[in-house]
Amino acid sequence: MTQVRGRFAPSPSGRMHLGNLFSGLLAWLSVRRSGGVMVLRMEDLDPDRCRREYAEQLADDLRWLGLDWDEGYGLGGPHGPYLQSQRTELYQAAFQKLEGQGLVYPCFCTRAERLAASAPHRSDGQVIYTGKCRCLTEEEQREKSANRCPAWRLMVPDREMSFTDGLQGPYSEHLERDCGDFIVRRSDGVYAYQLAVVCDDGAMEISQVVRGRDLLDSTPRQLYLYERLGLRPPAFYHVPLLLAPDGRRLSKRERDLDMGALRRRFTPEGLTGLLAFWAGQLDKPEPAVPGELAGVFDWRKVPAGDITVLPELLEA
Ligand code: GLU
(Lines give C-alpha, C1' and ligand atoms only; values in the text may rest on other atoms or scores of the structure.)
Protein backbone atom coordinates (compact mmCIF):
# COMPACT_ATOMS: atom_id res chain seq x y z
CA MET A 1 0.00 0.00 0.00
CA THR A 2 1.29 3.49 -0.76
CA GLN A 3 2.09 5.77 2.14
CA VAL A 4 -0.61 8.17 3.34
CA ARG A 5 0.21 11.81 2.67
CA GLY A 6 -1.76 14.15 4.88
CA ARG A 7 -1.57 17.84 5.47
CA PHE A 8 -2.55 20.69 7.71
CA ALA A 9 -3.26 23.83 5.69
CA PRO A 10 -4.07 26.75 7.98
CA SER A 11 -4.52 30.35 6.89
CA PRO A 12 -2.11 32.65 8.72
CA SER A 13 -4.65 35.43 9.08
CA GLY A 14 -4.41 35.68 12.87
CA ARG A 15 -3.39 33.63 15.85
CA MET A 16 -4.50 30.01 15.63
CA HIS A 17 -7.50 29.16 17.81
CA LEU A 18 -8.85 26.07 19.46
CA GLY A 19 -10.92 24.97 16.45
CA ASN A 20 -7.95 25.08 14.04
CA LEU A 21 -5.83 23.21 16.52
CA PHE A 22 -8.48 20.51 16.89
CA SER A 23 -8.48 19.90 13.10
CA GLY A 24 -4.70 20.06 13.03
CA LEU A 25 -4.33 17.51 15.81
CA LEU A 26 -6.74 15.09 14.13
CA ALA A 27 -4.96 15.46 10.78
CA TRP A 28 -1.66 14.77 12.52
CA LEU A 29 -2.91 11.79 14.56
CA SER A 30 -4.41 10.18 11.49
CA VAL A 31 -1.20 10.53 9.48
CA ARG A 32 1.05 9.41 12.33
CA ARG A 33 -1.20 6.42 13.11
CA SER A 34 -0.68 5.14 9.60
CA GLY A 35 3.03 5.95 9.44
CA GLY A 36 2.39 8.51 6.72
CA VAL A 37 3.94 11.81 5.73
CA MET A 38 2.69 15.07 7.26
CA VAL A 39 2.84 18.27 5.23
CA LEU A 40 2.35 21.81 6.57
CA ARG A 41 1.17 24.31 3.98
CA MET A 42 0.39 27.94 4.72
CA GLU A 43 -2.71 29.12 2.89
CA ASP A 44 -1.74 32.76 2.75
CA LEU A 45 -3.56 33.54 -0.49
CA ASP A 46 -5.22 36.69 0.72
CA PRO A 47 -2.56 39.41 0.92
CA ASP A 48 -4.86 41.71 2.88
CA ARG A 49 -5.46 39.27 5.71
CA CYS A 50 -2.40 37.04 5.90
CA ARG A 51 0.93 37.93 7.46
CA ARG A 52 4.24 36.18 7.63
CA GLU A 53 4.48 36.67 11.39
CA TYR A 54 1.20 34.81 11.84
CA ALA A 55 2.66 31.90 9.85
CA GLU A 56 5.72 31.87 12.11
CA GLN A 57 3.53 31.99 15.19
CA LEU A 58 1.38 29.16 13.84
CA ALA A 59 4.37 26.91 13.27
CA ASP A 60 5.58 27.74 16.78
CA ASP A 61 2.17 26.93 18.29
CA LEU A 62 2.10 23.54 16.56
CA ARG A 63 5.59 22.71 17.83
CA TRP A 64 4.58 23.80 21.33
CA LEU A 65 1.77 21.24 21.32
CA GLY A 66 4.15 18.55 20.05
CA LEU A 67 2.96 18.36 16.45
CA ASP A 68 5.68 18.06 13.84
CA TRP A 69 5.73 17.76 10.06
CA ASP A 70 7.98 16.05 7.57
CA GLU A 71 7.65 18.44 4.70
CA GLY A 72 6.46 21.98 4.32
CA TYR A 73 6.67 25.39 5.87
CA GLY A 74 10.11 26.13 7.32
CA LEU A 75 11.43 22.72 6.24
CA GLY A 76 11.00 22.65 2.49
CA GLY A 77 10.63 19.42 0.55
CA PRO A 78 10.06 18.09 -2.95
CA HIS A 79 6.76 19.88 -3.53
CA GLY A 80 7.64 23.38 -2.36
CA PRO A 81 7.21 26.24 -1.96
CA TYR A 82 4.77 25.60 0.86
CA LEU A 83 3.31 29.10 1.04
CA GLN A 84 0.40 29.63 -1.33
CA SER A 85 1.51 33.22 -1.96
CA GLN A 86 4.55 31.75 -3.72
CA ARG A 87 2.63 29.28 -5.88
CA THR A 88 0.79 31.66 -8.19
CA GLU A 89 2.30 30.16 -11.37
CA LEU A 90 0.76 26.80 -10.60
CA TYR A 91 -2.69 28.36 -10.13
CA GLN A 92 -2.26 30.35 -13.30
CA ALA A 93 -1.44 27.20 -15.27
CA ALA A 94 -4.54 25.50 -13.88
CA PHE A 95 -6.65 28.53 -14.69
CA GLN A 96 -5.37 28.45 -18.26
CA LYS A 97 -6.20 24.78 -18.51
CA LEU A 98 -9.79 25.51 -17.46
CA GLU A 99 -9.89 28.44 -19.83
CA GLY A 100 -8.72 26.14 -22.62
CA GLN A 101 -11.68 23.90 -21.86
CA GLY A 102 -13.99 26.89 -22.26
CA LEU A 103 -15.08 26.60 -18.64
CA VAL A 104 -14.28 30.03 -17.18
CA TYR A 105 -15.93 33.36 -17.87
CA PRO A 106 -15.53 36.88 -16.55
CA CYS A 107 -18.13 38.07 -14.06
CA PHE A 108 -18.71 41.78 -13.61
CA CYS A 109 -21.42 41.60 -10.96
CA THR A 110 -20.82 43.65 -7.86
CA ARG A 111 -21.43 42.18 -4.45
CA ALA A 112 -24.57 44.30 -4.13
CA GLU A 113 -25.86 42.98 -7.47
CA ARG A 114 -25.27 39.41 -6.46
CA LEU A 115 -27.03 39.87 -3.16
CA ALA A 116 -29.95 41.67 -4.77
CA ALA A 117 -30.49 38.92 -7.36
CA SER A 118 -33.20 36.64 -6.07
CA ALA A 119 -30.89 33.67 -5.97
CA PRO A 120 -31.39 30.94 -3.43
CA HIS A 121 -28.95 30.93 -0.56
CA ARG A 122 -26.81 28.07 0.57
CA SER A 123 -27.20 26.87 4.13
CA ASP A 124 -24.04 28.82 5.06
CA GLY A 125 -25.62 32.06 3.85
CA GLN A 126 -23.58 32.35 0.64
CA VAL A 127 -25.63 33.26 -2.43
CA ILE A 128 -25.76 30.81 -5.28
CA TYR A 129 -24.71 32.76 -8.35
CA THR A 130 -27.46 33.03 -10.94
CA GLY A 131 -25.11 32.79 -13.90
CA LYS A 132 -25.95 36.31 -15.08
CA CYS A 133 -22.57 36.95 -16.74
CA ARG A 134 -22.42 33.50 -18.36
CA CYS A 135 -24.24 34.69 -21.43
CA LEU A 136 -22.46 38.00 -22.10
CA THR A 137 -21.32 38.44 -25.69
CA GLU A 138 -17.68 39.19 -26.34
CA GLU A 139 -18.61 42.76 -27.09
CA GLU A 140 -20.46 43.14 -23.81
CA GLN A 141 -17.48 41.66 -22.02
CA ARG A 142 -15.16 44.20 -23.70
CA GLU A 143 -17.42 47.10 -22.81
CA LYS A 144 -17.71 46.07 -19.20
CA SER A 145 -13.98 45.42 -18.88
CA ALA A 146 -13.36 49.09 -19.58
CA ASN A 147 -14.99 50.03 -16.27
CA ARG A 148 -14.37 47.10 -14.04
CA CYS A 149 -11.90 44.27 -13.50
CA PRO A 150 -13.88 41.06 -13.59
CA ALA A 151 -13.73 38.08 -11.29
CA TRP A 152 -13.55 34.75 -13.14
CA ARG A 153 -16.04 31.99 -12.57
CA LEU A 154 -16.02 28.31 -13.36
CA MET A 155 -19.09 27.09 -15.19
CA VAL A 156 -20.55 24.07 -13.43
CA PRO A 157 -22.56 21.37 -15.19
CA ASP A 158 -26.08 20.17 -14.46
CA ARG A 159 -24.84 17.23 -12.47
CA GLU A 160 -24.80 15.64 -9.03
CA MET A 161 -21.40 15.34 -7.36
CA SER A 162 -21.21 12.70 -4.64
CA PHE A 163 -18.54 11.28 -2.42
CA THR A 164 -18.22 9.39 0.84
CA ASP A 165 -16.58 11.28 3.66
CA GLY A 166 -14.52 9.17 6.04
CA LEU A 167 -16.35 10.63 9.02
CA GLN A 168 -19.56 12.23 7.75
CA GLY A 169 -20.53 9.41 5.37
CA PRO A 170 -22.15 9.87 1.94
CA TYR A 171 -22.51 13.48 0.82
CA SER A 172 -23.89 14.86 -2.39
CA GLU A 173 -24.62 18.22 -4.00
CA HIS A 174 -26.05 19.17 -7.33
CA LEU A 175 -23.39 21.38 -8.88
CA GLU A 176 -25.73 23.73 -10.69
CA ARG A 177 -28.54 23.93 -8.14
CA ASP A 178 -26.60 23.76 -4.86
CA CYS A 179 -23.27 25.37 -5.79
CA GLY A 180 -23.64 27.50 -8.90
CA ASP A 181 -20.78 28.86 -10.99
CA PHE A 182 -18.07 29.76 -8.52
CA ILE A 183 -15.13 32.14 -8.46
CA VAL A 184 -11.72 30.75 -9.33
CA ARG A 185 -9.96 34.12 -9.63
CA ARG A 186 -10.97 37.25 -7.78
CA SER A 187 -11.28 40.63 -9.45
CA ASP A 188 -8.01 41.72 -7.81
CA GLY A 189 -6.24 38.82 -9.54
CA VAL A 190 -5.89 36.64 -6.43
CA TYR A 191 -6.73 33.00 -7.15
CA ALA A 192 -9.58 31.66 -5.08
CA TYR A 193 -9.21 29.13 -2.29
CA GLN A 194 -11.22 26.47 -4.18
CA LEU A 195 -8.79 26.47 -7.08
CA ALA A 196 -5.60 26.87 -5.04
CA VAL A 197 -6.40 24.10 -2.58
CA VAL A 198 -7.07 21.60 -5.37
CA CYS A 199 -3.91 22.57 -7.28
CA ASP A 200 -1.83 22.25 -4.13
CA ASP A 201 -3.27 19.05 -2.74
CA GLY A 202 -2.94 17.58 -6.23
CA ALA A 203 0.65 18.75 -6.77
CA MET A 204 1.70 17.77 -3.25
CA GLU A 205 0.21 14.29 -3.83
CA ILE A 206 -1.97 14.57 -0.76
CA SER A 207 -3.99 11.39 -0.30
CA GLN A 208 -5.87 12.31 2.88
CA VAL A 209 -7.49 15.63 3.76
CA VAL A 210 -8.63 16.14 7.35
CA ARG A 211 -10.28 19.51 7.96
CA GLY A 212 -13.24 21.25 9.59
CA ARG A 213 -16.81 20.30 8.74
CA ASP A 214 -17.40 23.86 7.54
CA LEU A 215 -15.57 22.83 4.36
CA LEU A 216 -17.74 19.78 3.67
CA ASP A 217 -19.87 21.74 1.22
CA SER A 218 -16.79 23.01 -0.64
CA THR A 219 -15.82 19.44 -1.44
CA PRO A 220 -18.18 18.80 -4.40
CA ARG A 221 -16.84 21.94 -6.10
CA GLN A 222 -13.30 20.82 -5.40
CA LEU A 223 -14.01 17.31 -6.72
CA TYR A 224 -15.24 18.86 -9.93
CA LEU A 225 -11.98 20.80 -10.19
CA TYR A 226 -9.97 17.62 -9.58
CA GLU A 227 -11.81 16.09 -12.50
CA ARG A 228 -11.30 18.99 -14.88
CA LEU A 229 -7.63 19.33 -13.98
CA GLY A 230 -6.99 15.60 -14.28
CA LEU A 231 -5.82 15.28 -10.68
CA ARG A 232 -6.44 12.40 -8.32
CA PRO A 233 -8.65 13.43 -5.37
CA PRO A 234 -7.72 12.54 -1.80
CA ALA A 235 -9.89 10.81 0.80
CA PHE A 236 -11.73 13.39 2.91
CA TYR A 237 -12.47 13.45 6.64
CA HIS A 238 -14.49 16.46 7.78
CA VAL A 239 -14.15 16.81 11.52
CA PRO A 240 -16.62 18.43 13.92
CA LEU A 241 -16.50 22.12 14.71
CA LEU A 242 -16.08 23.35 18.25
CA LEU A 243 -19.01 25.45 19.42
CA ALA A 244 -19.47 27.87 22.28
CA PRO A 245 -22.30 26.94 24.71
CA ASP A 246 -24.62 29.36 22.87
CA GLY A 247 -24.17 27.37 19.67
CA ARG A 248 -21.86 29.83 17.92
CA ARG A 249 -18.81 28.48 16.22
CA LEU A 250 -15.53 29.27 17.95
CA SER A 251 -13.56 31.55 15.72
CA LYS A 252 -10.60 33.86 15.57
CA ARG A 253 -12.77 36.52 17.17
CA GLU A 254 -12.72 34.63 20.48
CA ARG A 255 -9.43 36.06 21.66
CA ASP A 256 -9.58 34.19 24.95
CA LEU A 257 -9.42 30.91 23.02
CA ASP A 258 -6.55 31.78 20.74
CA MET A 259 -3.19 30.09 21.22
CA GLY A 260 -1.71 33.07 23.01
CA ALA A 261 -4.28 32.79 25.80
CA LEU A 262 -4.35 28.98 25.76
CA ARG A 263 -0.59 28.70 26.11
CA ARG A 264 -0.75 30.85 29.22
CA ARG A 265 -3.49 28.69 30.72
CA PHE A 266 -2.50 25.15 29.72
CA THR A 267 0.50 22.89 29.48
CA PRO A 268 0.86 21.21 26.06
CA GLU A 269 -0.17 17.89 27.63
CA GLY A 270 -3.20 19.46 29.32
CA LEU A 271 -4.45 20.98 26.09
CA THR A 272 -3.72 17.84 24.05
CA GLY A 273 -5.69 15.77 26.57
CA LEU A 274 -8.67 18.09 26.33
CA LEU A 275 -8.67 18.01 22.52
CA ALA A 276 -8.25 14.23 22.50
CA PHE A 277 -11.18 13.91 24.90
CA TRP A 278 -13.38 15.93 22.55
CA ALA A 279 -12.11 13.77 19.70
CA GLY A 280 -13.38 10.67 21.51
CA GLN A 281 -9.87 9.30 22.04
CA LEU A 282 -9.83 9.62 25.85
CA ASP A 283 -12.59 8.84 28.38
CA LYS A 284 -11.78 11.95 30.37
CA PRO A 285 -9.77 15.10 29.77
CA GLU A 286 -6.48 14.03 31.30
CA PRO A 287 -2.99 15.08 30.21
CA ALA A 288 -1.76 13.33 27.09
CA VAL A 289 1.07 13.48 24.57
CA PRO A 290 0.32 13.50 20.81
CA GLY A 291 2.96 10.85 20.08
CA GLU A 292 1.32 8.39 22.47
CA LEU A 293 -2.20 9.09 21.26
CA ALA A 294 -1.09 8.42 17.69
CA GLY A 295 -0.40 4.79 18.55
CA VAL A 296 -4.02 4.16 19.50
CA PHE A 297 -5.82 6.75 17.36
CA ASP A 298 -9.12 5.41 16.02
CA TRP A 299 -11.35 7.27 13.54
CA ARG A 300 -14.34 5.19 14.67
CA LYS A 301 -14.28 6.95 18.04
CA VAL A 302 -14.32 10.49 16.59
CA PRO A 303 -17.81 12.02 16.81
CA ALA A 304 -19.29 13.30 13.55
CA GLY A 305 -21.44 16.07 15.07
CA ASP A 306 -20.22 19.41 16.35
CA ILE A 307 -18.89 19.63 19.89
CA THR A 308 -19.96 22.15 22.50
CA VAL A 309 -17.01 23.37 24.47
CA LEU A 310 -17.90 23.72 28.15
CA PRO A 311 -16.28 26.80 29.68
CA GLU A 312 -15.38 24.99 32.91
CA LEU A 313 -13.08 22.64 30.96
CA LEU A 314 -11.16 25.65 29.75
CA GLU A 315 -10.51 26.86 33.29
CA ALA A 316 -7.35 24.77 33.52
N1 GLU B 1 -6.99 27.23 4.81
C2 GLU B 1 -8.25 26.74 5.24
C3 GLU B 1 -8.57 27.25 6.64
O4 GLU B 1 -7.67 27.59 7.37
C5 GLU B 1 -8.30 25.25 5.28
C6 GLU B 1 -8.37 24.67 3.95
C7 GLU B 1 -8.42 23.18 3.87
O8 GLU B 1 -8.04 22.49 4.83
O9 GLU B 1 -8.81 22.70 2.82
O10 GLU B 1 -9.72 27.30 6.97
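All figures in this text were calculated on a predicted structure; none of them were measured in a lab.

### Concerning the site of the ligand
Part 1 of the reasoning: Near the ligand you find R7, A9, P10, S11, E43, Y193, V197, R211 and L215, and these make up its full shell.
Part 2 of the reasoning: Within the side chain of R7, one N or O atom sits 2.6 Å away from an oxygen atom of the ligand.
Part 3 of the reasoning: Summarising the interface, the protein chains cover 79% of the accessible area of the ligand, which totals 300 Å² for the free molecule.

### Points about the sheet that holds strand β10 (residues 235–239)
Part 1 of the reasoning: Taking strand neighbours across the sheet as the criterion, the 5 strands line up as β3-β2-β1-β9-β10 in an open arrangement whose pairing is parallel. The sheet terminates laterally at β3 (71–72) and β10, the two strands that pair on one side only.
Part 2 of the reasoning: Examined bridge by bridge, strand β9 (residues 208–212) and β10 share 5 bridges and lie parallel to one another. Looking at the pairing, Q208 lines up with A235 of β10.
Part 3 of the reasoning: Relative to β10, helix α8 (residues 219–229) is tilted by about 165 degrees, and along the sheet it contacts β9 and β10.

### Topic: the side chain of Q222
Part 1 of the reasoning: The residue Q222 is located in helix α8 in this model.
Part 2 of the reasoning: The exposure class assigned to Q222 is buried, which follows from its relative accessible area of 1%.
Part 3 of the reasoning: A polar contact is formed between the side chain of Q222 and the side chain of Q194, at a distance of 2.8 Å.

### A look at the sheet that holds strand β8 (residues 182–185)
Within a sheet, neighbouring strands are paired by backbone hydrogen bonds and run either parallel or antiparallel to one another.
Part 1 of the reasoning: If you walk across this open sheet you meet the 3 strands as β4-β5-β8, and the pairing is antiparallel. Strand pairing shows two members of the sheet lacking a second neighbour, β4 (104–107) and β8, which therefore form its edges. Within this sheet the neighbouring strands show an average axis-to-axis angle of 50 degrees, counted without direction.
Part 2 of the reasoning: Pairing between β4 and strand β5 (residues 151–154): 4 bridges, direction antiparallel.

Rules and cut-offs
Residues numbered from 1 in each chain as written. Predicted model: local features only at pLDDT ≥ 70, side-chain atom pairs only at ≥ 80, totals over all residues. Heavy atoms only, no water. Near = heavy atom within 4 Å. Polar contact = N/O pair within 3.5 Å; in protein donor to acceptor, adjacent residues only side chain to side chain. Areas by Shrake-Rupley, 256 points an atom, 1.4 Å probe, with all protein chains shown as cover. Pairing = 2+ DSSP bridges. Helix = DSSP H or I, 4+ residues; strand = E, 2+ residues; numbered from the N terminus. Contact = heavy atoms within 4.5 Å. Axes fitted to C-alpha atoms, helices over the stretch in contact; angles between N-to-C directions. Buried < 20%, exposed > 50% of the residue type's maximum accessible area, 1.4 Å probe, protein only.

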